Amino acid sequence: MVGAGGIGCELLKTLALSGFQDIHIIDMDTIEVSNLNRQFLFRQSHVGLSKARVAREAVLKFRPQISITPYHANVKDPTFNVDFFKQFNVVLNGLDNLDARRHVNRICLAADVPLVESGTTGFLGQVTVHVKGKTECYECHPKPAPKTYPVCTITSTPSKFVHCIVWAKDLLFAKLFGDKNQENDLNVHSNDAGSSSNHTEDVFIRRNDEDIEQYGRRVYDHVFGYNIEVALSNEETWKNRNRPKPIYTRDVLDNEHTRQNGNMEKNCATNDQSSMSAMAALGMKNPQDIWSLMENSRIFLEALKLFFLKREKEIGNLTFDKDDQLAVEFVTTAANIRASSFGIPLHSLFEAKGIAGNIVHAVATTNAIIAGLIVIEAIKTPLLLEINTHQAKLRDFVDKIVKAKLGMTLPLIMHGAALLYEVGDDLDEDMIANYTANLEKVLSELPSPVTGGTMLTVEDLQQELSCNINIKHREEFDEEKEPDGMLLSGWMQAPCVEDANNSNDNAGSTSKALPLEVEKNKEIETSSGHKRRLSEVSKNGSPSNAEEARNHEKLQVLDDDDDLVIVEGGDLGTNKKKRER
């Protein structure tokens, strides 16, 4: 898993409940208060902690038997290279940015690992599967570039509130608090040689010993007053547009409001710089209120003052962050004052934050649905079987994998269009002899050789179960850890039960499932092909295995779609044999 946020929380929970046993999570983010309304694995006490690590601890509380490995790191770190990704059966993306998605896509292509990509926006969501050589990759179709606006529209002729937000965030905020050497299209002084000296200097440079209140009023008057007057001087621009109105502090605020703008004690009540608030100092608590021009002006000046008095060390290095309360307040009020000048409707802090942070407010239900679809696609990805194709026989594959692991009773095995093995009632003697002969052949010596890179299709029409298995050749196996001499990855095995119709080869039973009504003296076939009564099975058991006979004391018939199975201990709820993955 890459990402432990909105989709990631739902995804990790669903993976754990769906039977996945070994999960790795990469996420570089820490938990924020704004996450708590939808990222349900986190609580207030977790704010500031690693998302990946907290998500792991939360899921292990209800699935302690599984393995979850968290990485509090950037997926683009050198640690997460091609070899790292090769260890996984499938990679699941729950990311929120294009750059990281492209990186993971390229790594998965290089590692030849299936990628399930996803995303949500409001009530919309999508899930796509990318498998090298079989589907298009994530970058096969160009992705839409982020919306941009002409500089002249932003600086001179805004017509929408988003234009004012871009101006406040990318020009004014950056000029006041960001890199002073960075190019900026904001007008810092007048080009009119006849203008007063107050407008021939860079107004954004604070003068020596200048009072912060005076500095704030000077900046306000320049960007909302003087610059608008300069724009109005170009009559051609306003022939077919509504003329803006210059706004000066003297028109909006009286001297009393400016001198006693905010309560500094309230401003400094917290040591957390990102939660410092100008609106709180002015007694404004509801972010969904639409403030008046005067209220916006007061908060603007208070926010500017707080940056210079309480966060002076950060000035010159700041960039806008939607989770920085003071930055959001400054940008919102600056945008609203400019909007007021150009006759554009004002917006609340809540609305402005969404626009400034490119936020489409997440819907928890959408994330849950998309996470479910991701897991379905993950389950459908091909299985991987590591096996020595030069030593293992087809019989080994049938007995140890198809029957023991996949639980198939009437399997059909195909390599492309070639049929390697089949069990059924309608087979003639020649077909049975052919398939029986194949059982004794080494995989690489079959009529259609099975080697590294081969994909086998295995079906059981009776169970309506089908899956693809990628073959990976491997020379050696650990006899203690891998006694079967093969390793199947990607299969979530249901609780083990034994089927009454278990057979070893084509010479064995091909009988269908017993009907729902089973009489005690009904005859069934055993693995040896001999018919016996059920009463004999339950009474005498198998001559070669007395313990198995004791376990088979009770026969249970499940619903219409299930085969007859023998349930150990009679616990139907926990031992019902699953027929679908």
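Note that the structure is predicted; figures quoted are calculated from it, not measured.

On to helix 17 (residues 429-439), then. Tyr 435, Asn 438 and Leu 439 are the residues of helix 17 that are buried. Viewed end-on, helix 17 has its buried residues packed into an arc of 110°, placing them on one side of the element. Every exposed residue of helix 17 that faces more than 90 degrees away from the buried side is listed here: Glu 429 and Asp 430. By the N-cap criterion, in which a side-chain oxygen at the helix start approaches the backbone nitrogen of a residue two or three places on, helix 17 is capped by Asp 428, the distance to Asp 430 being 3.2 Å.

Neighbouring strands of a sheet are bound in pairs by backbone hydrogen bonds; such pairs are parallel or else antiparallel. Taken in spatial order, the three strands line up as 3-4-5 in an open sheet, and their pairing is mixed. The open sheet has two edge strands, strand 3 (91-92) and strand 5 (124-130), and neither has a second partner. One ladder, built from seven bridges, connects strand 4 (residues 115-121) with strand 5; its direction is antiparallel. When the bridges of strand 5 are listed, Leu 115 appears paired with His 130. Docked against the sheet, helix 4 (residues 98-111) engages strand 3 and strand 4, running at close to 165° with respect to strand 4.

Time to look at a nonpolar patch on the surface. A contiguous nonpolar patch, built from Ile 369, Leu 373 and Ile 376 and spanning about 270 Å² of accessible area, is present on the exposed surface. Summarising the element assignment, Ile 369 is placed in helix 15 (residues 364-380). With relative accessibility at 52%, the residue Ile 369 sits in the exposed group.

The strand order across the open sheet built from six strands is 8-7-9-10-6-11, with neighbouring strands paired in mixed fashion. The two strands at the open ends of the sheet, each matched to only one other strand, are strand 8 (418-422) and strand 11 (486-489). The average angle at which neighbouring strand axes cross in this sheet is 25°, direction not considered. Strand direction decides the pairing type here: strand 9 (residues 455-460) and strand 10 (residues 465-473), joined by six bridges, are antiparallel.

What counts as what
- Residues numbered from 1 in each chain as written.
- Predicted model: local features only at pLDDT ≥ 70, side-chain atom pairs only at ≥ 80, totals over all residues.
- Heavy atoms only, no water.
- Buried < 20%, exposed > 50% of the residue type's maximum accessible area, 1.4 Å probe, protein only.
- Helix = DSSP H or I, 4+ residues; strand = E, 2+ residues; numbered from the N terminus.
- Arc of directions from axis to C-beta.
- Polar contact = N/O pair within 3.5 Å; in protein donor to acceptor, adjacent residues only side chain to side chain.
- Pairing = 2+ DSSP bridges.
- Contact = heavy atoms within 4.5 Å.
- Axes fitted to C-alpha atoms, helices over the stretch in contact; angles between N-to-C directions.
- Patch = residues over 30% accessible without salt bridge, like charges linked within 9 Å, V, L, I, M, F, W, Y side chains within 5 Å.
- Areas by Shrake-Rupley, 256 points an atom, 1.4 Å probe, with all protein chains shown as cover.
- Salt bridge = Lys/Arg side-chain N within 4 Å of Asp/Glu carboxyl O.

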